[in-house]
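Tertiary structure, described
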Amino acid sequence: MPELTPAFFAYVCTAVFLAGIVRGATGFGFSMIMIVLLTLVLPPAVAATVILMWEILASVGHLPFVYRQVNWKALRWLALGVLVGTPAGVLFLVHMPIAPMKICINLTVLLLTIPLLRGMRPSKAPSCTATTAVGLLSGVINGASANGGPPVILFFLSGPGGVGVSRASLIAFFLFTDVWASLIYWQQGLVTWSTVRFAVLFLIPLALGIWVGSKCFTRMNEQVLRKIVLILLIAVTSVALLHSLL
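Every value quoted in this text rests on a predicted model; they were computed, and no experiment measured them.

1. As for the state of the cysteines
One pass over the full model with this rule turns up 0 disulfides. The thiol sulfur of C216 is not disulfide-bonded, and the nearest other cysteine sulfur, from C13, lies at 19 Å.

What follows is the structure, encoded as C-alpha cells:
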C-alpha cells in the first residue's frame, strides 16, 4: 500500500464519492469508474480487492429498497456463468504482469461501454445459454478486475424490463458476484488487513455518494443521466488507457 499522504487521501475520497453518486443513481458504474481511477495510483490486485469490499457494502445497503423489482429468473442463469468464470479471472489477476493487466482492463471497459452509449439492443430476448455466457464473461472480468458489470449492464439495459427493473437487478447481481469473487480473492491471499483498513477508511464518502445518487435517481431523467455517466466513463477510460500505453 502507498503512503497515505493528504493528496492521495483527497484523491481517493473524491473518486469514491463521485463514483458513489453514479452507483446510487444508476445501480452500476462504481467499479467501472473506480478500477480506472484507482489503478492510476494502486496495483490492480489491491485496487480490485478494495473495490469489491466497497461494492458489497453498497449492495447490502441498497438491495432491501429494490428487492421486489429484481429479475430473479435471469439472475439464476447469469449466476451460473459467474460461478465458472470468476476463478479463471482471479488467476489472470494473480499471474499477469501489472502493465498488460491495466491495458486489458481499460480496453475491455471501453469496448463494452461504447455499445451501451449507442443504444445497441438485440432483436430478441436472449436464451438461457446466451444469458449464461454473459454471466461467464462477466465472471472472468470481475475476477480479474472487480469490474464485471459491463456485459450484464448491456444485458439488462437491452432487455424488455424498465429502468427500475434493470437498476434493481444489477444491484442484486453485483452483490452475488462480488461476494463470490471476494471469497476467491481471500483464498488467493489478496484480502489482507491492509486492504480492509483501506476500504473502511473511505466508507463515509462512499455512503454520501450513494445517498446523493439515489436522490438524483428520483429527480432526474434516467436516460439523460445514463448517457452522461457513459460519456464520462468513456473519457476516463480513454485517458487511463493512454496512460497505460505510454
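Structure's up, so let's keep going.
2. Points about helix α10 (residues 203–219)
Between its first and last C-alpha, α10 extends 25 Å over 17 residues, near the 24 Å set by a 1.5 Å rise per residue. Looking at α10, one finds that the buried residues are P205, L206, G209, I210 and G213. Considered in projection along α10, the buried side chains sweep an arc of 130° and stay on one side of the axis. In this structure, α10 carries I204, W211, T218 and R219 as exposed residues pointing more than 90 degrees from its buried face.

3. Some remarks on the environment of L52
Note that L52 resides in helix α3 (residues 44–62). When the C-alpha positions of L52 and L40 are compared, they lie 17 Å apart, and in sequence the two are 12 residues distant.

4. Regarding the environment of V90
Mapping V90 onto the fold places it in helix α4 (residues 72–95). Given the relative accessible area of 1%, V90 is considered buried.

5. Remarks on the pattern of salt bridges
Inspection of the entire model under this criterion finds 1 salt bridge. The partner of E55 in a salt bridge is R23, and the shortest N-O contact between them spans 2.8 Å. Taken together, the residues span a long stretch of sequence, with E55 in helix α3 and R23 in helix α1 (residues 6–26) at a distance of 32 residues. You'll find E55 and R23 in the same group, each marked buried.

6. Some words on the environment of A74
Following the sequence through the fold, A74 ends up in helix α4. A74 sits in the buried class, given a relative accessible area of 11%. Sequence separation of A74 and T131 is 57 residues, and the distance between their C-alpha atoms is 7.2 Å. Setting aside chain neighbours within four positions, we find A74 in contact with T131, F155 and F156.

7. Thoughts on the nonpolar core
Formed by 67 residues in total, the largest nonpolar core has its most connected members in M34, L38 and W54. If sequence neighbours within four positions are ignored, W54 has contacts with V12, V16, F30, M34, L38, F198, A199, F202, L203 and L206.

8. Comments concerning the packing of aromatic side chains
Here the distance between the centres and the angle between the planes together describe a pair of aromatic rings. Scanning all chains against the criterion turns up 8 aromatic pairs. Ring centres of F30 and W54 lie 6.2 Å apart, and the angle between their planes is 90°; this geometry places the pair in the edge-to-face category. Here the residue F30 occupies a position in helix α2 (residues 30–38), and W54 occupies one in helix α3, the gap between them amounting to 24 residues. Both residues of the pair, F30 and W54, count as buried. Centroid distance Y67 to W72: 5.2 Å. Interplanar angle 50°. Geometry classified as tilted. Through pairs of rings, three or more aromatic residues link up here, namely F8, F9, F30, W54, F198 and F202.

The rules behind each value
Residues numbered from 1 in each chain as written. Predicted model: local features only at pLDDT ≥ 70, side-chain atom pairs only at ≥ 80, totals over all residues. Heavy atoms only, no water. Disulfide = S-S within 2.5 Å. Helix = DSSP H or I, 4+ residues; strand = E, 2+ residues; numbered from the N terminus. Expected span 1.5 Å × (residues − 1). Buried < 20%, exposed > 50% of the residue type's maximum accessible area, 1.4 Å probe, protein only. Arc of directions from axis to C-beta. Salt bridge = Lys/Arg side-chain N within 4 Å of Asp/Glu carboxyl O. Contact = heavy atoms within 4.5 Å. Core = buried A, V, L, I, M, F, W, Y, C linked by side-chain atoms within 4.5 Å. Phe/Tyr/Trp six-rings, centres within 6.5 Å; stacked < 30°, edge-to-face > 60°.

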